[in-house]
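Observations on chain architecture
Chain residues, written in single-letter form:
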Amino acid sequence: MAGSVKLLKDYDLDYIKQQYDEKNETLEEHGQEVNAWGFYEDIFGSLELVSPAIDKPNNRIIQMPLERLIDAVQGQDGVFLSACTYFKNYYNSKGLMDVYAFVIDLDSCWSGGLHSILNNKWQNSTKGNYYLPPTYIVNSGTGLHLYFVLDKPVPAFSKQMLEIKNLYRKMALHQSQRPFVGARPEVHWVGQSFRMPGTLSKQDMLVRAFKMDFGRKYSIQELAEVYDVGYTFKYRGEHEDYPEFEREKKEFSGTKKKGWYTNRAFFDYCVRNIPEKTRQGHRYMTMCALSAIAFKCDVPKWELKETLTGFLSDWNNGMVGADRVERWEITAAMKMYNERAYEMRREVIEEYFGWEFKPIKRNGQKQADHLEEARAIRDIRMKRQGRKWDENNGRPKGSGEKRAVVQKWQDAHPDGTKAECNRDTNLDPKTIRKWWNRERTNS
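1. Examining the pairing of strand E7 (residues 136-139)
Neither face of E7 is open: one carries Tyr136 and Val138, the other Ile137 and Asn139, and all of them are buried. Taken together, the 4 bridges between E7 and strand E8 (residues 144-155) define a ladder with antiparallel strand orientation. Note on E8: the bridge partner recorded for Ile137 is Leu146. In this antiparallel pair of consecutive strands, E7 and E8, the connection spans 4 residues, and Gly141 shows a positive phi of 120°.

2. Concerning unusual backbone geometry
Phi at Asp228 takes a positive value of approximately 55°, unusual for a residue other than glycine. As for its placement among the helices and strands, Asp228 is situated in the loop between helix H6 (220-226) and helix H7 (246-251). On the basis of relative accessibility, which here comes to 62%, the residue Asp228 falls in the exposed class.

3. Remarks on the packing of helix H1 (residues 13-30) against helix H4 (residues 111-119)
A pair of packed helices can be characterised by two numbers: the angle between their axes and the separation between those axes. For the pair H1 and H4, the least separation of the axes is 9 Å and the interaxial angle reads 10°. Comparing the axis directions of H1 and H4 gives the class roughly parallel. Taking contact as the criterion, the partners of Gln19, Glu22, Lys23, Thr26, Leu27, Glu29 and His30 in H1 are, on H4, Ser111, Leu114, His115, Leu118 and Asn119. Counted by class, the contact of H1 with H4 contains 3 nonpolar, 6 polar and 3 charged residues.

4. Digging into the packing of aromatic side chains
This structure, assessed with the given rule, holds 16 aromatic pairs. Taken together, a centroid distance of 6.0 Å and an interplanar angle of 55° make the contact between Tyr91 and Trp189 tilted. Of this pair, Tyr91 sits in the loop between strand E5 (84-86) and strand E6 (96-107) while Trp189 is found in the loop between strand E9 (184-186) and strand E10 (194-195), placing the two residues 98 residues apart along the sequence. On the basis of relative accessible area, Trp189 is assigned to the buried category, the value being 8%. Taken together, Phe39, Tyr40, Phe44, Tyr100, Tyr136 and Tyr147 form an aromatic cluster joined through their ring pairs. Its guanidinium or amino end placed over the ring of Phe80, Lys56 lies 5.5 Å from that ring's centre, counting from NZ or CZ. The ring of Tyr235 is capped by Lys152, whose NZ or CZ atom sits 4.0 Å from the centre of that ring.

5. Things to note about helix H9 (residues 283-296)
Between its first and last C-alpha atoms H9 spans 20 Å; for 14 residues at 1.5 Å apiece the expected length is 20 Å, and the two agree. Of all 14 residues that make up H9, 13 are buried, and the element is covered over most of its length. Immediately beyond the C-terminal end of H9, within one or two residues, lies Asp298, with a positive phi of roughly 60°.

Conventions and cut-offs
Residues numbered from 1 in each chain as written. Predicted model: local features only at pLDDT ≥ 70, side-chain atom pairs only at ≥ 80, totals over all residues. Heavy atoms only, no water. Buried < 20%, exposed > 50% of the residue type's maximum accessible area, 1.4 Å probe, protein only. Helix = DSSP H or I, 4+ residues; strand = E, 2+ residues; numbered from the N terminus. Pairing = 2+ DSSP bridges. Axes fitted to C-alpha atoms, helices over the stretch in contact; angles between N-to-C directions. Parallel < 35°, antiparallel > 145°, perpendicular 65-115°, else oblique. Contact = heavy atoms within 4.5 Å. Nonpolar A, V, L, I, M, F, W, Y, C, P; charged D, E, K, R; others polar. Phe/Tyr/Trp six-rings, centres within 6.5 Å; stacked < 30°, edge-to-face > 60°. Lys NZ or Arg CZ within 6 Å of the ring centre and 35° of its normal. Expected span 1.5 Å × (residues − 1).

Below is the structure:
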C-alpha cells in the first residue's frame, strides 16, 4: 500500500460496517433515500432508455431498458452503470452520445467528515471557497459517489468533448478538496460506470442513494462558469454545425489524423511508475493507455503483452472476485495498440492513468528548434571544458575497439559464423551481432 495513510477499506469488516451505517444515518438526516427506479428515472428522464451496464462477475455487458435492468440486478454484486448513453448501446469512449450527470468518486470516506460537511450545507469554512452541492449522494460502502445531475443531457459532439472532459476533471479535483477525513479522490473518465443503487458493495452491503435536501439539477453552462471553462456548450438540434450523430459519422469516416509519437524512454518511464502510482479503479484504463503509448513508442506487441501480464501478480495480491484483473482484460486493453494511438493527447493519458506526469518543456518551440538550441548550449559547455561531446561518437568507451575486433575476425574468417566469432573472441553475442557485417572503418 503506497503512502502512510490507512484507508477505510484496510480496517476490519465490523468497523467498515459501523462507518457504513453511520454514513447512512447522516445522509438520512440531510436527504431522502430513493430506490434505484426513482434514482435513474430522475437522471435519465425515462426508464425506457438503454445504457449498457457492466456485470463484472459474469464478464458481460447488459443491454436492456433501465426498468428491466434494475429489476434484474437488484441484490446482485458487481453491477455498474454510467450516467451516460452510448451509440448503439456500445460501452466505449468513442461511442459516448449524451452525458446526463457528472459523477465524482470519493474513495474511503469516514462518517465524521461527511457529518461535518452536511451540517455546514456543503460549504467550506474557508471564506470565498465555494463548493456546489451534489444532487445525489450514493453510499457505496467505504466510499461515496457524488451525482451532479444535468437539467438537460449534453451531447458528446467531437467539437465539445474535450471541454466536457476538462469541466469534469476540474469538478472532480475541486470537490476532492472537501475535508472528508481520509477521503481519496478518484479522477475517472466522464463515462465511468459506478455500482448501481440496490446492488451490493464489495463488503456485501447494500448500495444506497439519497437525494440531498440542498441539492438540485444544474445546467452545463452554469457548471462551466463556476469552474472557469470558457466554452459555450451546444445541445442537439441547437446549431446547424452540430447535427445529430455528427461525431459518430466523423469518427468512422476513415480520415487519417496527425498525432504525436515519442521514443522508447517514455514507455519505460510509465512502466516504472505504474506499480507505485496506479490505484485500484484505474488499472484497466492504465493498461489501455500503456497499449497506446507502446504503439507511439514503437514497442513490440509481444513485449507490451509481457509487461501487462507482469503487473497482474502485484495488482491481484489479496484481491478477490470483481476486484481482480483478469487476463482477458489484457487482450481487451491491447486493442488500443493501433494507429489511433497517435491522436491520444497527454491529458487523456493522465486521465486514464489517474496520475500526472511532467511533459518535456520546449518553451513553446517545435521539437527541431528546441533541439537546435539545446545542442548549441551543449557545444558551448563542452568547449569551455576543452573537449568535444562526440569525441567517442557517443558510444561507451571501448565500443570502437570491440567493433575493430569483430571486423578483424571477419576479415580473417570470411565464411565464419557469429558463434565461431564468439568462441574465438569471447565478446558478448549482442556485441557481435551489433557490429557483424557493418561497413568497415577506414583504419
